[in-house]
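Chain by chain, the residues run as shown.
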Amino acid sequence: MLEYNQGVGVSYVAGTDRRGSTVEPVIRIENLWKCYDEGCPEGSAALRGLDLEVEGGEVLALYGRSGSGKTTLLNLIAGLDRPTRGTITLEGRNIHDMGEFERTQMRRSRLGFVFQFFNLIPTLTALENVLLPLELLGKPALGSAENALASVGLEGKGGRFPHELSGGEQQRVAIARALVKDPVLVLADEPTGNLDTETGDQVLDLLRDLCMQAGTTVIMATHSPLSSRIADRILRIQDGRIAGESTEANRP
Ligand code: ADP
Ligand code: MG
């Protein structure tokens, strides 16, 4: 149904068919298991039959203690690791049925990433870091990279190297880098984990605002109750399963 051609990406809007009717959530995860240990002894699996559906444009927080399986889940969604059992469907396609090349193209064209430690390339300027995903897609549009930097409030700082930027500014560059290719889904792993509370708040608001404007779906892993506040929906993950949903009334 979808084709991930090199440098082209998919040919229609996520979660809709060619006539625009809704057909699929952006992500559907069924009975997902991940065992790192040989033989998967009882109780040792990082993910234990996790089910999840995320609609287009939704901002989802996965809230759980360290070791509950958040990063494992994001890595599997990104196709960076294989599940032991279960399926992950992105825009109607099982990502682990794809070949390695196609999965790489899917990752480059459809997914954006924001990490706890920013993961900018230290020898590239801010602008070059933002341009890089477009270069990997074969579409190095300098104007798009400049616009993305401006959208995170860093106009005029594109020539700086990461070490010349504050933590908050580096995370803004990372957000611009994640969004510059107009991904369908942003995966954010503890995006405020290395920022002070005030800076973290600003970065979260920015991420949410930009994704809302673009209709981008977000899955954010966090062990911080404060980070969850930007989410439309908060799911609690515990021992590799979804253990509950927080509503307005019982937000963490
Ligand atoms: P979280 O991101 O919620 O802190 P993780 O997904 O990193 O949780 O870890 C879940 C469990 O899987 C933990 O018990 C962790 O030790 C284990 N784990 C994670 N990555 C690996 C790995 N590469 N090899 C072995 N065990 C791992
Ligand atoms: Mg983690």
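In this text, all values refer to a predicted model and were calculated from it rather than measured experimentally.

Draft legend 1. Expanded view of the overall build of the protein. When helices and strands are counted, the protein shows six helices and 10 strands. Counting all 252 residues of the protein, 52% fall into the buried class. For the protein, long-range pairs separated by at least 24 residues make up 69% of all intrachain contacts whose partners lie at least 6 apart in sequence.

Draft legend 2. Main features of the pairing of strand 8 (residues 217–222). Extensive coverage of strand 8 is indicated by the burial of six of its six residues. Burial along strand 8 is two-sided: Thr217, Ile219 and Ala221 and Val218, Met220 and Thr222, pointing in opposite directions, are all buried. Relative to strand 8, strand 3 (residues 59–63) runs parallel, the two being bridged by five bridges. The residue bridging Val59 from the neighbouring strand is Val218, located in strand 8. Strand direction decides the pairing type here: strand 7 (residues 185–189) and strand 8, joined by five bridges, are parallel. Across the sheet, residue Leu187 finds its bridge partner in strand 8, namely Ile219.

Draft legend 3. Spatial organisation of the site of ligand 1. Neighbouring ligand 1 are Tyr36, Ala46, Arg65, Ser66, Gly67, Ser68, Gly69, Lys70, Thr71 and Thr72. Here Ser68 contributes a backbone N or O atom positioned 3.2 Å from an oxygen atom of ligand 1. Relative to its unbound accessible surface of 560 Å², ligand 1 loses 53% to contact with the protein. Classifying every residue of the shell around ligand 1 by side-chain character gives two nonpolar, six polar and two charged.

Draft legend 4. Structural detail: the packing of helix 3 (residues 126–136) against helix 5 (residues 167–179). Relative to each other, helix 3 and helix 5 sit at 25°, their axes nearing to 7 Å. Classed by the angle they form, the pair helix 3 and helix 5 counts as roughly parallel. As for how helix 3 packs across helix 5, the hand of that crossing is right-handed. Where helix 3 abuts helix 5, its residues Ala126, Asn129, Val130 and Pro133 lie against Val173, Ala176 and Arg177.

Draft legend 5. Highlighting the packing of aromatic side chains. Within this structure, the stated rule accounts for one aromatic pair. Positioned above the aromatic ring of Trp33 is the side chain of Arg85, whose terminal nitrogen or guanidinium carbon lies 5.0 Å from the ring centre.

Draft legend 6. Local environment of the state of the cysteines. Per the counting criterion, the structure on display carries one disulfide. Each disulfide pairs two cysteine sulfurs, and for Cys35 the partner residue is Cys40, the sulfurs being separated by 1.9 Å. Taking the sign of the S-S torsion, -55° for the link of Cys35 and Cys40, the bridge is left-handed.

Calculation notes
Residues numbered from 1 in each chain as written. Chains lettered and ligands numbered in written order. Predicted model: local features only at pLDDT ≥ 70, side-chain atom pairs only at ≥ 80, totals over all residues. Heavy atoms only, no water. Helix = DSSP H or I, 4+ residues; strand = E, 2+ residues; numbered from the N terminus. Buried < 20%, exposed > 50% of the residue type's maximum accessible area, 1.4 Å probe, protein only. Contact = heavy atoms within 4.5 Å. Pairing = 2+ DSSP bridges. Near = heavy atom within 4 Å. Polar contact = N/O pair within 3.5 Å; in protein donor to acceptor, adjacent residues only side chain to side chain. Areas by Shrake-Rupley, 256 points an atom, 1.4 Å probe, with all protein chains shown as cover. Nonpolar A, V, L, I, M, F, W, Y, C, P; charged D, E, K, R; others polar. Axes fitted to C-alpha atoms, helices over the stretch in contact; angles between N-to-C directions. Parallel < 35°, antiparallel > 145°, perpendicular 65-115°, else oblique. Left-handed = near helix turned anticlockwise from the far one by under 90°. Phe/Tyr/Trp six-rings, centres within 6.5 Å; stacked < 30°, edge-to-face > 60°. Lys NZ or Arg CZ within 6 Å of the ring centre and 35° of its normal. Disulfide = S-S within 2.5 Å.

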